[in-house]
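# Understanding the architecture of this molecule
Here's the letter readout for the chains.
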Amino acid sequence: MSKHRLLALFSDFEEAHAAIADIRRNVVPGVTVDDVTMKSPIEHPDVEEVLGERPVHIQKFTLFGAIFGVTFGFLFLAGAQATFLVQPQGGKAVIPLPSNFVLMYEMLIFFAVWLTFFSFLFLSGLFKKRSALYSEKVSLDQVAIMLELNEAHTDPIKDLFQKHKVLEIREEVIK
Amino acid sequence: MTMATEKDINEQIAWAKINTDVLRSMENPRPAYWVTVAVCVAMISVAVFAEYIQYTEGMGYANLNNPHMWDLYIASFVFWIGMSHSGTLLSAILHLMHSDWRKPIYRFAEAMTTFSLLTAGLFPIIHLGRVWNMYWVLPYVSDRGHWPNFRSPLAWDAFAISTYLSASMLFLFIGMIPDLAICRDHGKGWRKKLYTVLALGWEGNDRQWRHFRKTYLLMACFLIPLAVSVHSIVSADFAMAIMPGWHVTSFPPYFVAGALYSGCAAIITLFVLLRYFFRFEDYMTLPIMEKTAKLTFAIAMVWTYLNLVEFASIWYGHNVYDKELLIAKATGAYAPIFWSMIFLGSVLPFTLAFRSLRRHMPTMFVVSILLNVGMFFERWMIVAPTLSLSQEPHQWDVMWGSVVEWGIVFGSFGWFGLLFLIFVKVFPSVSMYEVKEMVFHRQRSAGEEDLIRMTDHTQPATETAGGEESK
């Protein structure tokens, strides 16, 4: 049995949400909400209510970046300052903690921000080749539901979408 | 009698129109845009010529000498760093506070942050004189035994500003990704190629939006303490020195308030220009201008208060050098600049208290520029008088800056302006997806309010009916 990918375009969130709610209620047996991807021109309002909680792990990388920034910052600075032993210090500490705290604060933020950025790039599924079903209307004013399903389920799902005033359905065979 | 609240934006505006208006703005600005570009190029030419003279003839042409080793270049550096703070204020703080009126204007404020920092970064290099040795400020291992002094606030500056520059560029870029995807989907030619690369394959699916929301929030949380630390560290360049007028405890908050103040004033200037250049009357609306002006007024009052605190501390502190310096600023050679600073920084903002003036674009344009003139004077009055009247009377003099120095400072405004104008021509200066969000959420809450009003309407009607019956 071949696997299909469907993209259904809706004019607003209400109808798209209602269609997903039906999928969630198992109106079409064999198709679950886990198979659903929602696309929209703005950040989804109430997306968790419709699709359920889906994990985001970026904050863990941010925390790692912050801790790395503080520790590496101190080690880098202390290492650099230790080489100053050959220079006259005028009785001052070789590794001055007050100024190092200021710099560690900056490095905490520096690494936290960069790790956040890189984790966003990797975890949010960017850099992928866009599907042939991609519709430019999603960046304009339409909401899309995309799902992968077996051939046997395509007709019931299309009927479901029609019930919720779908504007357009695009389909491709993926394997 | 109740007055209907004016809306920040037309909530009935179609999403397709938002795309069309913003995309058209990048293709088809008014002719005044090109005139401004030409003016900026002319200003840069002046600076390049001045720098050429300074480079070939030496720093003597900038009048920089003992005791005036710092003057307009460092004042300009502080000014441009300060200007950069508004982007963070408007974007990060108002984002965390869920103030959605920021959405149509935060993009250009963030861009302003980045270009202000790039402009500020030029001044320490120009100030060095030997610009070819600029890499000496970096903490690299040197076989000549040169190491930066980590105890010096100047080394802290290098860390803080590079962190702020990279963080603010990332913040600007991440916030633009959904809009770059819109540009990619509707662009042609070189623009389409550019936006395809920069959009990073954004499709607007729920996974991307979920991660986007978290990333933007985390970045905003880090940018606020970063912005405060950057200008505190810049203030430490002065406050760590035991010089009259500089060794002041209130300098860090004073610098931060001044930075926010000049940044907000610059937002008003650019607001007026962009609204006109790109016909953004539907997005950069009068109510949003009013809110920005009120914010500027509030910050102006904080700045005024901190000024008074500083003067009072000096006056009652009875440190002879500090007190003499304050009196000299108010009555000596620098008095015209000092009093102009007080007038432009503390008195002129009261024009922002009048609704009719806040809604008059030409007035706001002129006032915002004058506010920033006042803020430039403030930075100049921090740097120059202290060096003119330090603890050694045999060094006392007055420093007005040379033509070369003024030429480079003048050109820096052209440099900033040109970078900004190129940015707003290549990238959307109004955030399309956020304006759509703003419209969507306001329509939705208006619908909910209508529902509540309808429910409430039935309630008094019943009561009235009951009352009439009882009569």
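Residues numbered from 1 in each chain as written. Chains lettered and ligands numbered in written order. Predicted model: local features only at pLDDT ≥ 70, side-chain atom pairs only at ≥ 80, totals over all residues.

### Quick look at the overall build of chain A
For clarity, the cut-off: A run of H or I in DSSP counts as a helix once it spans at least four residues, and a run of E counts as a strand once it spans at least two, with each numbered from the N terminus. This radius of gyration counts C-alpha atoms alone. The globule rule is 2.2 Å times how many residues there are, raised to the power 0.38. For the exposure call, what matters is how many other C-beta atoms sit within 10 Å of a residue's own: 20 or more marks it buried, 12 or fewer exposed, and in between partly exposed, using C-beta atoms placed from the backbone. By definition, residue pairs are in contact when their C-beta atoms, positioned from the backbone, come within 7 Å.
Looking only at helices and strands, chain A features 5 helices and 4 strands. Overall, chain A shows an N-to-C arrangement of helices and strands of β-α-β-α-α-α-β-α-β. Expected size for 175 residues packed as a compact globule is a radius of gyration near 16 Å; at 26 Å, chain A overshoots this value by more than 25%. On the principal axes, the C-alpha backbone points of chain A span a range of 85 × 30 × 30 Å. Here chain A holds 175 residues, and 35% of them are scored as buried. Excluding contacts between residues fewer than 6 apart, the proportion of contacts in chain A whose partners are at least 24 apart in sequence is 83%.

### Notes on the sheet that holds strand 2 (residues 36-39) of chain A
Residues and elements named next belong to chain A. To keep it simple, the criterion reads: Think of it this way: DSSP has to see at least two bridges between two strands before they count as a pair. Note on geometry: axes are C-alpha line fits, over the in-contact stretch for helices, and angles between N-to-C directions span 0 to 180 degrees.
The strand order 2-3-1-4 describes an open sheet built from 4 strands, whose pairing is antiparallel. Here the strands that pair on one side only, and so sit at the sheet edges, are strand 2 and strand 4 (168-173). For this sheet the average axis-to-axis angle between neighbouring strands, irrespective of direction, equals 20°. Pairing between strand 1 (residues 3-10) and strand 4: 6 bridges, direction antiparallel. Looking at the pairing, Leu-7 lines up with Arg-170 of strand 4.

### Comments concerning the interface of chain A and chain B
Formally: Asp, Glu, Lys and Arg are counted as charged, while Ala, Val, Leu, Ile, Met, Phe, Trp, Tyr, Cys and Pro are counted as nonpolar; the rest, among them Gly, fall into the polar class.
Of the residues lining the interface, 45 residues belong to chain A; the matching set on chain B comes to 43 residues. Looking at the side of chain A that touches chain B, the elements with two or more residues in it are strand 2, helix 2 (47-51), helix 3 (58-82) and helix 4 (97-123) of chain A. By residue number, the principal contributor to the side of chain A that touches chain B is helix 4 of chain A, which donates 13 residues. Residue classes in the side of chain A that touches chain B are distributed as 26 nonpolar, 11 polar and 8 charged.

### Examining the confidence of the model for chain A
For clarity, the threshold we go by: As a per-residue measure, pLDDT tells how confident the predictor is, with possible values from 0 to 100.
Residues with a pLDDT of 70 or more make up 96% of chain A, whose mean pLDDT is 87. By mean pLDDT, helix 2 of chain A is the weakest element of chain A at 79, and helix 4 of chain A is the strongest at 94.

### A short note on the confidence of the model for chain B
On average, residues of chain B carry a pLDDT of 88, and 92% of them reach 70 or more. Per-residue pLDDT stays below 50 along residues 459-471 of chain B; that stretch engages in 0 contacts with residues further than four places along the chain or on separate chains.

### Regarding the packing of helix 2 (residues 31-57) of chain B against helix 15 (residues 403-426) of chain B
All names here are of chain B. Using the following cut-off: By definition, any crossing whose near helix is turned counterclockwise from its far helix by less than a right angle is left-handed, and any crossing with a clockwise turn is right-handed.
With their axes 7 Å apart at the nearest point, helix 2 and helix 15 run at an angle of 140° to one another. The handedness of the crossing between helix 2 and helix 15 comes out as left-handed. Along the lines of polarity and charge, the residues of the contact of helix 2 with helix 15 split into 20 nonpolar, 7 polar and 1 charged.

### A few points about the domain arrangement of chain A
Heads up, the rule is: Either an automatic procedure or a domain database provided the assignment from which the domain bounds are taken.
In terms of domain boundaries, chain A breaks down into domain 1 (3-55 + 131-173) and domain 2 (58-123). Domain 1 of chain A and domain 2 of chain A are separated by 46 Å when their C-alpha centres are compared.

### Looking at the environment of Ser-313 of chain B
Locating Ser-313 of chain B in the fold gives a position in helix 10 (residues 286-317). Separated by 64 residues in sequence, Ser-313 of chain B and Thr-249 of chain B place their C-alpha atoms 9.6 Å apart.

### Describing unusual backbone geometry
Residue and element names in this part refer to chain B. Its identity is not glycine, yet His-98 carries a phi of approximately 55°, on the positive side. The exposed category is assigned to His-98, around which 8 C-beta atoms lie within 10 Å. Non-glycine residue His-318 carries a positive phi angle of around 60°. Structurally, the position occupied by His-318 is in the loop between helix 10 and helix 11 (320-331). Classification of His-318 as exposed rests on a count of 8 C-beta atoms within 10 Å.

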